[in-house]
Amino acid sequence: MPSVHLLGTGAAISDPHRTTTMIAVSEDEPPYRTLVVDCGGDVLQRLQACDRPIDSVDGLIVTHAHMDHTSGFPLLMEKVWLDGRNRALPVFGIEPALAQAGRLWEAFEPVHHDWEGIPPIDWREIEHAPDTPVWPDAPWTVIATPVNHGDTPNVGLRIEHDPTGHVLGYSCDTAPTDNVVDLAQDCNILIHEANGVPGGNHSTAVEAAEAARDADANRLLLVHLPPGDKSAEIADARAVFPNTDPADELGTYPF
Ligand SMILES: [Zn+2]
């Protein structure tokens, strides 16, 4: 059975118990085959808090260049090195996202240039185009599709667990777009952001619910949550798509 781990569920600033939005998927038995999506904070500490070891990480996907999705990359590399990883770390993303992660890593070059045995970073640039294959290895089939995050190129993800056929959709940061509805079609869980006010580069909870409804998703979990009481927005979203919940910080959800 696959699970999604909500390693962080907040906006760049959120409630005191929510950090930046980062997710991971894994299987429920070792070696777990964990994929991590985004690293705008101490993502591997959050993964450990969800009972998945650092060395279970098969790869990282970086969606876009914003700080709250990339800034923890050098720390992630320090941690995988200290954890004794030898094998390369595949890092997938569109060009601007990988360039940002690369600059962040290079900014620390005076620190890590003489570290013995640091694992190679296996940069895997993907096309910024609909239905782009991302992950080539079992047990996951991952597809990326552009979303609408203003001037910042960004992708949403469709993550299929091959043995079960179960599907996770992830909107990433986006205003409402048919591309999210397409990538999330018939998914078991849609993880959708609900950061925004109408008309910006983000979505409201109601707009997320409309995407879940139109995609025929089974369940909607809201992430990238701003600070404050969300009960009114959640109630409005449930009127559109009843199976809607704000994601639990550090929650693990089988899908
Ligand atoms: Zn963003």
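To keep things clear, this report deals only with the structure shown in the data block.

Definitions and limits used
- Residues numbered from 1 in each chain as written.
- Predicted model: local features only at pLDDT ≥ 70, side-chain atom pairs only at ≥ 80, totals over all residues.
- Heavy atoms only, no water.
- Helix = DSSP H or I, 4+ residues; strand = E, 2+ residues; numbered from the N terminus.
- Rg over C-alpha atoms; globule rule 2.2 N^0.38 Å.
- Buried < 20%, exposed > 50% of the residue type's maximum accessible area, 1.4 Å probe, protein only.
- Areas by Shrake-Rupley, 256 points an atom, 1.4 Å probe, with all protein chains shown as cover.
- Lys, Arg positive; Asp, Glu negative; His and termini not counted.
- Charge placed at Lys NZ, Arg CZ, Asp CG, Glu CD.
- Donors = N, O, S within 2.8 Å, 3.2 Å for Na, K, Ca; no water.
- Tetrahedral: all angles 85-135°; square planar, octahedral: opposite > 155°, others 65-115°.
- Pairing = 2+ DSSP bridges.
- Axes fitted to C-alpha atoms, helices over the stretch in contact; angles between N-to-C directions.
- Contact = heavy atoms within 4.5 Å.
- 1 Å grid on protein atoms, 1.4 Å probe; cavity = no way out; pocket = protein on both sides within 12 Å on 5 of 7 lines; lining within 4 Å.
- Points joined across faces, edges and corners; volume = space filled by probe spheres on them.
- Nonpolar A, V, L, I, M, F, W, Y, C, P; charged D, E, K, R; others polar.
- Core = buried A, V, L, I, M, F, W, Y, C linked by side-chain atoms within 4.5 Å.

Topic: the overall build of the protein chain
In terms of regular secondary structure, the protein chain is built from eight helices and 14 strands. The C-alpha atoms of the protein chain give 17 Å as radius of gyration, which agrees with the globular expectation for 255 residues (18 Å, within 12%). Along the three orthogonal principal directions, the C-alpha set of the protein chain runs to about 55 × 35 × 35 Å. Looking at the 255 residues of the protein chain, the share that counts as buried comes to 55%. On the protein chain, roughly 10300 Å² of surface is accessible, and the fraction owed to carbon and sulfur atoms is 50%. Computed over 14 positive and 40 negative side-chain charges, the separation of the two mean positions in the protein chain equals 4 Å.

Overview of the coordination of the zinc ion
At this site the zinc ion is bound by His64 (NE2), His66 (ND1), His149 (NE2) and Asp173 (OD), with donor distances of 2.2 to 2.4 Å. Around the zinc ion, the four donor atoms sit at angles spanning 90 to 167°, and that spread fits a shape best called irregular. When the donor residues of the zinc ion are listed from N- to C-terminus, their spacing reads H-x1-H-x82-H-x23-D.

A few points about the sheet that holds strand β14 (residues 252–254)
On the basis of which strands lie adjacent, the open sheet formed by seven strands has the order β6-β5-β4-β3-β2-β1-β14 and mixed pairing. Looking at which strands have only one partner, the edges of the open sheet turn out to be β6 (121–125) and β14. Within the sheet, the average angular offset between the axes of one strand and its neighbour, ignoring direction, is 20°. In the sheet, strand β3 (residues 34–37) pairs with strand β4 (residues 57–61) via four bridges, with the strands oriented parallel. Residue pairing across strands places Thr34 opposite Val57, the latter belonging to β4. In the packing of helix α4 (residues 95–107) onto the sheet, contacts are made with β5 (89–93) and β6, and the angle to β6 comes to roughly 155°.

Quick notes on the sheet that holds strand β13 (residues 244–246)
The strands making up a sheet are joined through hydrogen bonds of the backbone, oriented either antiparallel or parallel. Strand order across the open sheet formed by seven strands is β7-β8-β9-β10-β11-β12-β13, with mixed pairing between neighbours. For this open sheet the edge positions go to β7 (132–135) and β13, each flanked by a neighbour on one side alone. Between one strand and the next, the sheet's axes are offset by a mean angle of 25°, whatever the strand orientation. Strand direction decides the pairing type here: strand β9 (residues 155–161) and strand β10 (residues 166–170), joined by five bridges, are antiparallel. Residue Ile159 lies in a different strand from β10, and its bridge partner there is Leu168.

Regarding the layout of surface pockets
Empty space within the largest pocket amounts to approximately 170 Å³. What lines the largest pocket is a set of 16 residues, among which Ala194, Gly196, Pro226, Lys230 and Glu233 lie closest to the centre. Residue composition of the lining of the largest pocket, by class: nine nonpolar, four polar and three charged.

A look at the nonpolar core
Judged by nonpolar contacts, the single largest core of 53 residues is most densely connected at Val4, Phe73 and Leu76. In contact with Phe73, not counting residues within four places along its chain, are Cys39, Leu60, Val91, Ala101, Trp105, Ile121 and Trp123. Counting 22 residues, the second-largest nonpolar core is a separate cluster that includes Cys187, Ala208, Ala211 and Ala215.

Focus on the environment of Val36
Tracing the backbone shows Val36 in strand β3. Residue classification places Val36 among the buried residues on the basis of a relative accessible area of 1%. Through-space distance from the C-alpha of Val36 to that of His112 is 23 Å; in sequence the pair is 76 residues apart. Those residues within four positions of Val36 in sequence are excluded, and the remaining contacts are Ile23, Ala24, Val43, Val57, Gly59, Leu60 and Ile61.

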